[in-house]
Amino acid sequence: MEYDLVGLRWVRLSWVGLAPGARVNVHTAPTNVRLKAHLVLAAPLDGAAFLAVGGERRNYTKNGLLVFDDSFFHEAVNGHGTKARYVLSVDFWKPGLLG
């Protein structure tokens, strides 16, 4: 599914780190009213840090942007032994939700 993010209203902005060897276990959001965007600030370059949503895996790459619907099962993993992953996380209301 593709979304046009121009003109969307953001709800929450946060800076999120994931330590070397850490993971955020599979979970879902309590509702399906938002989209989440991760702007990658720093990540291991070897593909060890990734986001899996609905069974699809995307590697975190420096300056990359991942947009996903967090009402689907998802997890974040940093399998690198020494480098942390940092993202700017932005939550948006889904398009059309606010009229």
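Described below are features of the structure shown in this document. Per chain, residues are indexed from 1 in the order of the written sequence. Two thresholds apply to this predicted model, a pLDDT of at least 70 for residue-level local features and 80 or more for giving and counting side-chain atom pairs, whereas whole-chain, interface and lining totals are computed over all residues. With hydrogens and water set aside, each side-chain value is computed from the structure's full complement of heavy atoms.

Once that is clear, we can look at the overall build of the protein. Working definition: helices are DSSP H or I runs of at least four residues, strands are E runs of at least two. Numbering for both runs from the N terminus. What the protein contains, in helices and strands, is zero helices and eight strands. Helices (α) and strands (β) of the protein occur, in sequence order from the N terminus, as β-β-β-β-β-β-β-β. In this scheme, a residue with accessible area under 20% of its type's maximum is buried, one over 50% is exposed, and one in between is partly exposed, where area comes from a 1.4 Å probe on protein chains only. Taken across its 99 residues, the protein has 37% of its residues classed as buried. When the accessible surface of the protein is summed, it comes to about 6,100 Å², and 56% of that surface belongs to carbon and sulfur atoms. Accessible areas in this description were obtained via Shrake-Rupley with a 1.4 Å probe; residue shielding takes into account the shown protein chains only.

The subject of this paragraph is the environment of Ala 84. Along the chain, Ala 84 turns up in the loop between strand S7 (74–78) and strand S8 (85–93). Between the C-alpha atom of Ala 84 and that of Ala 49, which follows or precedes it by 35 residues, the distance is 8.6 Å. Here a residue-residue contact requires only that any non-hydrogen atoms of the pair lie within 4.5 Å. Not counting residues up to four positions away in its chain, the partners in contact with Ala 84 are Leu 18, Ala 19, Pro 20, Ala 42, Ala 43, Pro 44 and Asn 78.

A few words now on the sheet that holds strand S4 (residues 49–53). Strand pairing is assigned whenever DSSP identifies at least 2 bridges connecting the two strands. One open sheet accounts for four strands, arranged S2-S7-S4-S5; its pairing is antiparallel. Each having just a single partner strand, strand S2 (23–27) and strand S5 (56–59) make up the two edges of the open sheet. If you compare each strand with its neighbour and ignore which way they point, the axes differ by 15° on average. As paired strands, S4 and S5 are joined by four bridges and run antiparallel to one another. Counterpart to Leu 51 in the pairing with S5 is Arg 58. Interaxial angle, 0 to 180 degrees, is taken between N-to-C directions of lines fitted to C-alpha atoms, where a helix line uses only the stretch in contact.

With that settled, consider the nonpolar core. Put simply, buried Ala, Val, Leu, Ile, Met, Phe, Trp, Tyr and Cys residues joined by side-chain atoms within 4.5 Å make one nonpolar core. Judged by nonpolar contacts, Leu 18, Val 40, Ala 43, Ala 49, Leu 51, Val 53, Tyr 60, Leu 66, Phe 68, Ala 76 and Val 87 together constitute the single largest core of eleven residues. At the level of elements, S4 and strand S6 (65–68) are the ones that each hand at least two residues to this core. Among the elements that take part in this core, S4 stands out by supplying three residues, more than any other. Sequence-distant contacts of Leu 51, that is, excluding residues within four places in its chain, are made with Glu 56, Arg 57, Arg 58, Tyr 60, Leu 66, Phe 68, Glu 75 and Ala 76.

Okay, the packing of aromatic side chains next. Geometry of aromatic contacts follows a simple scheme: Phe, Tyr and Trp rings, the Trp one being its six-membered ring, pair when their centres are within 6.5 Å, and the pair is stacked under 30 degrees between planes, edge-to-face over 60, tilted otherwise. Scanning the entire structure with this criterion turns up one aromatic pair. Aromatic side chains Trp 15 and Tyr 86 sit 5.1 Å apart centroid to centroid with 15° between the ring planes, which places their arrangement in the stacked category. Here Tyr 86 lies in strand S8 and Trp 15 lies in strand S1 (residues 10–18), a separation of 71 residues in the sequence. Charge-over-ring placement is defined geometrically: NZ (Lys) or CZ (Arg) within 6 Å of the ring centre, and within 35 degrees of the ring normal. Above the plane of the ring of Tyr 60 lies Arg 85, whose end atom (NZ or CZ) is 4.8 Å from the centre.

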